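Residue-level structural notes
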Amino acid sequence: MYQIIITSVLIVFSPQTFAYLDPGTGSMILQGLIAGIAVAGFTIKTYWYRILSFFGKAKQTSLLEEEEEGSPKKEDEQ
Amino acid sequence: MTLDALPSSFRDPSGFVFAENDRVYRQINNGFAKHFDQFMSSGLYDVLVDKGYLVAHEDVTASNIQRGPDCYRVIAPEVIPYIAYPYEWSFSQLQDAAMLTLRIQTVALQHGYILKDASAYNVQFRHGKPVFIDTLSFEPYVEGVPWVAYRQFCQHFLAPLALMARVDVGLGKLLVTYIDGIPLSLASSLLPLTTRFNYSLQTHIHLHAKMQETYADAAGTPTTAKNSATKNPRQLSKTGLQAIVESLASAVKSQQWKPPQTEWGDYYDNTNYSDGSTDEKRRLVDDYLSAIDEPLNVVHDLGANTGEFSRIAARHAGLVVSQDIDPVAVERNYRRLVSEPPKNVLPLLQDLYAPSPAIGWGNEERDSFRQRGRCDAILALALVHHLAISNNTPLSRIAGLFAELAQWLVIEFVPKSDSQVARLLQTREDVFPHYNQQGFEEAFSAYFNIVRSEAVAGSERQLYLMRSLRSDLSG
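Calculation criteria
- Per chain, residue numbering runs from 1 following the sequence as it is written.
- Each chain is given a letter, starting from A, and each ligand a number, starting from 1, according to the order in which they appear as written.
- Only residues with pLDDT of at least 70 are given local features in this predicted model, and only at 80 or more are side-chain atom pairs given and counted; all residues enter the totals for whole chains, interfaces and linings.
- Working from all heavy atoms in the structure, the side-chain values ignore hydrogens and water.
- Under the DSSP-based scheme used, a helix requires at least four consecutive residues in state H or I and a strand at least two consecutive residues in state E, with every element numbered from the N terminus.
- The globule rule used for comparison is 2.2 Å times the number of residues to the exponent 0.38, while the radius of gyration itself is calculated over C-alpha atoms.
- Partly exposed residues are those whose accessible area sits between 20% and 50% of the maximum for their type, while under 20% is buried and over 50% is exposed, using a 1.4 Å probe and protein chains only.
- Contacts are assigned to residue pairs that have any heavy atoms within 4.5 Å of one another.
- Whether two strands pair comes down to DSSP finding at least two bridges between them.
- Angles run from 0 to 180 degrees between N-to-C directions of axes, and those axes are lines fitted to C-alpha atoms, restricted for helices to the stretch in contact.
- Put plainly, a pocket is an open set of points on a 1 Å grid over the protein atoms alone with protein on both sides within 12 Å along at least five of seven lines, a cavity is a set where a 1.4 Å probe fits but cannot get out, and a lining residue has an atom within 4 Å of a point.
- Grid points are joined across faces, edges and corners, and a volume is the space filled by probe spheres set on the points.
- Throughout, nonpolar core names a set of buried Ala, Val, Leu, Ile, Met, Phe, Trp, Tyr and Cys residues whose side chains join them through atoms within 4.5 Å.
- Angles are sorted into four bins: roughly parallel if under 35 degrees, roughly antiparallel if over 145, roughly perpendicular if 65 to 115, and oblique for all others.
- For any helix crossing, the convention is left-handed if the near helix is rotated counterclockwise from the far helix by under a right angle, and right-handed if that rotation is clockwise.
- Residues are sorted three ways: Asp, Glu, Lys and Arg are charged, Ala, Val, Leu, Ile, Met, Phe, Trp, Tyr, Cys and Pro are nonpolar, and all the rest, Gly among them, are polar.
- Only residues above 30% relative accessible area that lack a salt bridge enter a patch, with like-charged residues linked at up to 9 Å and the nonpolar side chains Val, Leu, Ile, Met, Phe, Trp and Tyr linked at up to 5 Å.
- Note that accessible areas follow from Shrake-Rupley with a 1.4 Å probe, and for residues the cover is restricted to the protein chains shown.
- Only one rule defines a salt bridge in this text: a Lys or Arg side-chain nitrogen within 4 Å of an Asp or Glu carboxyl oxygen.
- Think of it this way: the bend at a residue is just the angle between two axes, each fitted to seven residues, one set ending at that residue and the other starting at it.
- Contacts described as polar in this section are N or O atom pairs within 3.5 Å, which, within protein, must combine one atom able to donate a hydrogen with one able to accept it, while residues neighboring in sequence count only if both atoms come from side chains.
- When two rings of Phe, Tyr or Trp (its six-membered ring) have centres within 6.5 Å they constitute a pair, described as stacked for plane angles under 30 degrees, edge-to-face for angles over 60, and tilted for the intermediate range.

Section: the overall build of chain B
Broken down by element type, chain B carries 17 helices and 15 strands. Taken against the 2.2 N^0.38 rule, which gives 23 Å for 475 residues, the C-alpha radius of gyration of chain B at 25 Å falls within 12% of a compact globule. Seen through its principal axes, chain B has C-alpha atoms that stretch 80 × 60 × 40 Å. Expressed as a percentage of the 475 residues in chain B, the buried residues total 57%. Taking the contacts inside chain B whose residues are at least 6 apart along the sequence as the reference set, 71% of them involve residues at least 24 apart.

Next up, the structure:
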């Protein structure tokens, strides 16, 4: 089944001068396959956090924004 | 090349790392000159260093440091006093290193750059936080091209995290066997069926493994998707790439491991020490370390548990490498490090019965514990009975190894009358006639001068400060 999907969505792989890793054809193609869902997911999440923020429950939109300095690590739950 | 590149840096043709006079340098080759200059002038380097994401470096090209042929620049990166490897990290250390890599990728993309590799070995721990050490990992981002290091990120970070969180935390040690990260097919077969219904793991691990299998031979056959893809470019937009990076961050963050109670997880609540004698032991350790009249740059605390005494040693040392066999103890040690000072402690997983081996090409890409173990002092508290009795290691061998590694030793002898030792002997025959204070002192005196020795008041244990008889150790 994957093959059918894959052959319909093909991704270019352009080797770059200093990209010394073998990226793996499957890995390159997969990124193209999942990008659409990833973009949709991130867009929905962004709007959701905007709504939360509107109601005063602000949260960071992206997990990749820096956490506050010295914020405590999640504690053991025992 | 006339000088020896360190065996850990042969993969990347952009340059290599070499050591001279105990300092590590990085040569940048002529072929990478343009990229390097652009990277340095793009502002990305400054932003990453400013955020504490990347080690700073000094350009020492003008100095008389030796260099290999094809040299464009020689840089001296900030010194990392102890190099540790991903299979020595606790769960949260690996998770934090993964998030750092993705944060760097995000900042790099904002500046028109992309990470050309995503190796966990590019991350070290400094002041209690992960930091990226490979200045040559950045190359200009070309719109449309997928992330070359996507597979490597999944193998080095996501696969071990998922296995540690969802199967067994001990599976982090698979990274010892697989130097380029855990093969996704292996991770996929080990993960429980339920992870098939988890979108992140289904795509980044299971489907990813399947795709690799499907296209395994794609490079060699002319009619493959890879080649037709080159002819029919369907490109990955920058937005798509950023969303994949976000999706990986979400996958990494959603791996959660709750440390259970283990043998040593509650050690400090369950020892032979009354509160008073623990205070006494703290005072003695502090006192012994103060008595050492030489600089302590690196101290190894072996059998450190959650790092209680590492934090006392941290008052006297540049860095305390706080090592324990128990993943729960190391995890707690790291969480404490993240939330409070001191920051000059490095919690690591280390099994002294079978310490980290030398791995990689020619067994020299990643050094063994013993190769990295040279330090100024060793702290071995409540440890010797485990080595001598649980592992049957003769006392003379313990003394010999410690003397090889360190000039100074703070060590605690735990007698058979101690209930912790009695517990170890409860289920086995006592084949240790020389395991007593006299036998201990004799064995260690062959390698060390006993400088101080005091009983820990309120317990039956004895604490020693020893100095190695070897004069050729400079630490």
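Once the structure has been displayed, the description carries forward.
Brief notes about the sheet that holds strand 3 (residues 57–59) of chain B
Residues and elements named next belong to chain B. Spatial strand order, 1-2-4-3: 4 strands in an open sheet with antiparallel pairing. Each of the sheet's edge strands pairs with one partner strand only, and the pair in question is strand 1 (15–20) and strand 3. Put simply, the sheet's adjacent strands are angled 30° from each other on average, direction ignored. In this structure, strand 2 (residues 23–29) lies alongside strand 4 (residues 71–77), joined through 4 bridges in antiparallel fashion. When the sheet's bridge partners are listed, N29 is paired in strand 4 with C71.

Points about empty space enclosed by the protein
All names here are of chain B. If you walk through the whole model with that rule in mind, you get 2 cavities of 30 Å³ or more. Of the volumes computed, that of the largest cavity is approximately 90 Å³. Considering the residues around the largest cavity, the lining is formed by 15 residues, among which W89, M164, V169, G172 and L349 are closest to the centre.

Looking at the nonpolar core
Residue and element names in this part refer to chain B. Core analysis: the largest hydrophobic core is formed by 143 residues, its most contacted members being F138, W147, F402, Y435 and F444. Top contributing element to this core by residue count: helix 3 (residues 91–110), with 11 residues. Leaving out residues up to four positions away in the same chain, Y435 has contacts with V384, H385, A388, I389, L395, F413, V414, P415, K416 and V421.

A few points about the environment of L54 of chain B
All names here are of chain B. With respect to the helices and strands, L54 occurs in the loop between helix 2 (44–50) and strand 3. Residue L54 is classed as buried on the basis of its relative accessible area, which comes to 1%. Counting along the chain gives 81 residues from L54 to T135, while the straight-line C-alpha distance between them is 7.6 Å. If near-sequence neighbours (up to four positions away) are discounted, L54 is found in contact with F39, Y45, L48, V49, V131, F132, D134, T135 and F138.

Brief notes about the sheet that holds strand 12 (residues 375–380) of chain B
All names here are of chain B. Read from one edge of the open sheet, 7 strands run 11-10-9-12-13-15-14, paired in mixed fashion. Each edge of the open sheet is held by one strand with a lone partner, namely strand 11 (345–349) and strand 14 (448–455). Averaged over all adjacent pairs, the angle separating strand axes in this sheet is 15°, with direction ignored. Along the sheet face, helix 12 (residues 327–339) touches strand 10 (317–324) and strand 11 and points at about 160° away from the line of strand 11. The sheet strands contacting helix 15 (residues 395–405) are strand 9 (296–302), strand 12, strand 13 (406–413), strand 14 and strand 15 (462–468), and the helix crosses strand 13 at an angle near 145°.

Concerning the pairing of strand 7 (residues 129–132) of chain B
Residue and element names in this part refer to chain B. Pairing of strand 6 (residues 123–126) with strand 7 involves 4 bridges; the strand directions are antiparallel. Within strand 7, the residue paired with F125 across the bridge is P130. Between strand 6 and strand 7, which pair antiparallel in sequence order, lie 2 residues; one of them, H127, sits at a positive phi of approximately 50°.

A look at the side chain of S27 of chain A
Along the polypeptide, S27 of chain A turns up in helix 2 (residues 25–54). A relative accessible area of 0% means that S27 of chain A is categorised as buried. In this view, S27 of chain A contacts Y150, R151, H208 and Q212 of chain B; residues no more than four positions away in its chain are not counted.

What to know about the packing of helix 3 of chain B against helix 9 (residues 238–253) of chain B
Residues and elements named next belong to chain B. Where helix 3 contacts helix 9, the two axes come as close as 10 Å, and the packing angle between them is 165°. By the angle class used here, helix 3 and helix 9 are roughly antiparallel. As for the relative orientation of helix 3 and helix 9, their crossing is left-handed in sense. Along its contact with helix 3, which presents Q95, A98, M99, L102, Q105, T106 and L109, the element helix 9 presents K238, L241, Q242, V245, L248, A249, V252 and K253. When the residues that make up the contact of helix 3 with helix 9 are grouped by side-chain class, the tally is 9 nonpolar, 4 polar and 2 charged.

A word on a nonpolar patch on the surface
Taken together, the side chains of W48, I51, F54 and F55 of chain A make up a nonpolar region of the molecular surface, amounting to roughly 530 Å² of accessible area. Tracing the chain through its elements places I51 of chain A in helix 2.

What to know about the packing of helix 3 of chain B against helix 12 of chain B
All names here are of chain B. At a minimum axis separation of 7 Å, helix 3 and helix 12 run at an interaxial angle of 50°. On the basis of the axis angle, helix 3 is oblique to helix 12. Across the interface between the two elements, F91, S92, Q93 and D96 of helix 3 pack against V330, E331, Y334 and R335 of helix 12. Across the contact of helix 3 with helix 12, the residue classes break down as 3 nonpolar, 2 polar and 3 charged.

Focus: the environment of L381 of chain B
Residue and element names in this part refer to chain B. Within the secondary structure, L381 is located in the loop between strand 12 and helix 14 (384–390). Judged by its relative accessible area of 6%, L381 is buried. Put simply, L381 and P146 are 235 residues apart on the chain and 51 Å apart in space, counted from C-alpha to C-alpha. Not counting chain neighbours up to four residues away, the residues in contact with L381 comprise K281, V285, L302, G303, F309, V410, E412 and L463.

Regarding helix 7 (residues 199–214) of chain B
All names here are of chain B. At H208, helix 7 shows its maximal kink, close to 35°. Across the 16 residues that make up helix 7, a large majority, 12, are buried. The set of residues buried in helix 7 consists of S200, L201, Q202, T203, H204, I205, H206, L207, H208, A209, M211 and Q212. N-capping of helix 7 is provided by N198, with a side-chain oxygen placed 3.1 Å from the backbone N of S200.

Focus on the packing of aromatic side chains
All names here are of chain B. The tally for this structure, following the rule as stated, stands at 19 aromatic pairs over all chains. The interplanar angle of 35° and the centroid separation of 6.1 Å between the aromatic rings of W147 and F153 together place this pair among those described as tilted. The burial state of W147 is the same as that of F153; both residues are buried. For the pair F413 and F440, a centre-to-centre distance of 4.9 Å together with 40° between the ring planes defines the contact as tilted. Of the two residues, F413 sits in strand 13 while F440 sits in helix 17 (residues 437–445), which places them 27 residues apart along the sequence. Its relative accessible area of 0% is what places F440 among the buried residues.

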